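Summary of structural features
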Amino acid sequence: MAMNTDKNSYTIIFAIAMVVVVGSLLAFTASSLKERIDANKRTEKQQNILFAMGVADTEDSNEFVPAEKAQELFDKYVGDEQYIIIGSSAEKTSDAFSVEVKKENDKVKQDPTYQRKMPLFIGKKDGQEYYVVPMRGNGLWDAIWGYVSLDKEFKTVKGAFFDHKGETPGLGANVKEAYFRDDFIGESILDASGKYKGITVKKGNADPKNVDKNDNEVDAMAGATITGDGVTAMVKKGIKMYQPYFETLKK
C-alpha cells in the first residue's frame, strides 16, 4: 500500500529521519577529521608563537613560517620549554598546547574559585630569551586573541601577534596589521617605579610615532575605539595573570 505523503505525520517523520541521518553524518565527519583539525590548530599556535618571537622563514619578519616548517622551527626555538602556570607555580610539560585560554576563562566565569591554568612558552633566539604569553579578550563584535613575548626581565615587549574573529574590516580588523602590532615592540609594561602597568591603546596618544617606549601607550587604530579598548584590557589582564610567577623568577 502506498504511503500518503500528504499527511502531516509523514512530513514530521521525514524531517526527523533527515535530522538523524544528517546529524550522524556530521558526527562521523567531525570524529574522522578530529585528529587533522587538532593538528592544524597546533600548527597555527606554533606559527603564532614563533611570529611573536620574530622567527620568520624569510627576511620579512611579517610573514609566518610555513605550516610544513612550524614543528621543526618550534622544536628549534622553543622545544620542551613549555609550562603550565597556576598562580606562582609552574609545571613543565611536553604539551602546553593542551591548555586552551578560552576554556580556562569560561571555567573561571562558572566558578570564581577555580585555579586557572595558563600556558607559557619560553623560546631562545639569537642568544635572547622570549617569554611568550597567550591571551584572549573581546573586541567590538566578537573574540580577539594574541601572543605577546617579553624579555627575561619581564619589562619589555619583544614581539606581538593579534587576531580577531569578526571585527570590522578596515577598522577593528586592523589588529592584524603590522603597523599596529609593531608599535608594541620595545614598549615597557612597567611604570617608572618598576611596578606592573601594562600597555594602553590610547586614542589621541601624544606619541603617534611611538618614539617614547616608556609611556606604556601605543597609538589607537582610527575608527576602532572599542576594539582598541578590548586589546588594552586583554594585554593588561593577560600579562598581569602571569606576574605572580614572573616575580618568583626575579628573586
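As the structure is a computational prediction, the values presented were derived from the model and not from experiment. (Residues numbered from 1 in each chain as written. Predicted model: local features only at pLDDT ≥ 70, side-chain atom pairs only at ≥ 80, totals over all residues. Heavy atoms only, no water.)

Okay, the overall build of the chain next. The helix and strand tally for the chain stands at six helices and eight strands. Shown N-terminal to C-terminal, the secondary structure of the chain runs as helices and strands in the order α-α-β-β-α-β-β-β-β-α-β-β-α-α. Looking at the chain as a whole, 39% of its 251 residues qualify as buried. Look at the contacts in the chain between residues 6 or more apart in sequence, and 54% of them connect residues 24 or more apart. (Helix = DSSP H or I, 4+ residues; strand = E, 2+ residues; numbered from the N terminus. Buried < 20%, exposed > 50% of the residue type's maximum accessible area, 1.4 Å probe, protein only. Contact = heavy atoms within 4.5 Å.)

The biggest cluster of nonpolar side chains holds 32 residues, and the ones touching the most others in it are Leu 120, Val 148, Phe 162, Phe 180, Phe 184, Val 231 and Phe 246. Mapped by element, the contributors of at least two residues to this core are strand E1 (82–86), strand E3 (118–125), strand E4 (128–138), strand E5 (143–150), strand E6 (157–164), helix H5 (225–240) and helix H6 (243–250). Considering every element that reaches this core, the biggest residue donor is H5, with four residues. Apart from the residues within four sequence positions on either side, Leu 120 is in contact with Glu 81, Gln 82, Tyr 83, Ile 85, Tyr 131, Val 132, Val 133, Tyr 242, Tyr 245 and Phe 246. With 19 residues, the next largest nonpolar core counts Phe 51, Ala 52, Ala 96 and Phe 161 among its residues. (Core = buried A, V, L, I, M, F, W, Y, C linked by side-chain atoms within 4.5 Å.)

Taken as a whole, helix H2 (residues 67–77) has its buried residues at Ala 70, Leu 73, Phe 74 and Tyr 77. Summarising the axial view, the buried residues of H2 lie within an arc of 105°, below the 170-degree limit, and thus occupy one face. Exposed residues lying more than 90 degrees from the buried face of H2 are Glu 68, Glu 72 and Lys 76. In the segment just after H2, Gly 79 is the residue with positive phi, at about 60°. (Arc of directions from axis to C-beta.)

For the structure on display, the rule yields 14 aromatic pairs. An aromatic cluster of at least three residues, connected via ring pairs, comprises Tyr 131, Phe 154, Tyr 242, Tyr 245 and Phe 246. (Phe/Tyr/Trp six-rings, centres within 6.5 Å; stacked < 30°, edge-to-face > 60°.)

This part is about a nonpolar patch on the surface. Where nonpolar side chains cluster on the molecular surface, the patch consists of Ile 12, Ile 16 and Val 20 and spans about 280 Å² of accessible area. If you trace the backbone, Ile 16 turns up in helix H1 (residues 8–52). (Patch = residues over 30% accessible without salt bridge, like charges linked within 9 Å, V, L, I, M, F, W, Y side chains within 5 Å. Areas by Shrake-Rupley, 256 points an atom, 1.4 Å probe, with all protein chains shown as cover. Salt bridge = Lys/Arg side-chain N within 4 Å of Asp/Glu carboxyl O.)

Once that is clear, we can look at the sheet that holds E1. Read across the sheet, six strands follow the order E2-E1-E3-E4-E5-E6 without closing on themselves; strand pairing throughout is antiparallel. The sheet is open, and its two borders are formed by strand E2 (89–93) and E6, each paired with just one other strand. Adjacent strand axes in the sheet meet at a mean angle of 25° when their direction is disregarded. Note that E1 and E3 share four bridges and pair antiparallel. By the bridge assignment for E3, Gln 82 is matched with Phe 121. Packed onto the sheet, H2 meets E1 and E3 and runs at close to 80° relative to E3. Together, E1, E2, E3, E4 and E5 form the strand contacts of H6, whose direction differs from that of E4 by roughly 165°. (Pairing = 2+ DSSP bridges. Axes fitted to C-alpha atoms, helices over the stretch in contact; angles between N-to-C directions.)

This brings us to the side chain of His 164. Counting through the fold element by element, His 164 comes out in strand E6. Polar side-chain contacts of His 164 include one of 3.4 Å to the backbone nitrogen of Gly 166. Here the side chain of His 164 touches Glu 167 through a polar contact of 2.9 Å, landing on its backbone nitrogen. Apart from residues lying up to four places away in sequence, His 164 is in contact with Ala 143, Ile 144, Trp 145, Ala 173, Val 175 and Lys 176. (Polar contact = N/O pair within 3.5 Å; in protein donor to acceptor, adjacent residues only side chain to side chain.)

Applying the stated criterion to the full structure yields nine salt bridges. One salt bridge in this structure joins Asp 106 and Lys 102, with 3.1 Å as the shortest N-O distance. Here Asp 106 pairs with Lys 102, and both are found in helix H3 (residues 101–110), just four residues apart, close to one helical turn. The exposure class assigned to Lys 102 is partly exposed, which follows from its relative accessible area of 43%. Between Lys 125 and Asp 126 there is a salt bridge, with its nearest N and O atoms 3.5 Å apart. Taking the relative accessible area as the measure of exposure, Asp 126 reaches 68% and is therefore exposed.

Counting buried positions along E6 yields seven of eight residues, so the element is predominantly enclosed. For E5 and E6, the ladder comprises seven bridges, and the chain directions are antiparallel. Following the sheet pairing, Val 148 is matched in E6 by Ala 160.

Moving on, we come to H5. Compared with an ideal rise of 1.5 Å per residue, which puts 16 residues at 22 Å, H5 spans 22 Å between its outermost C-alpha atoms and is within 8% of the ideal. In the core, the buried residues of H5 are packed alongside E4, E5, E6, helix H4 (178–181), strand E7 (200–202) and H6. (Expected span 1.5 Å × (residues − 1).)

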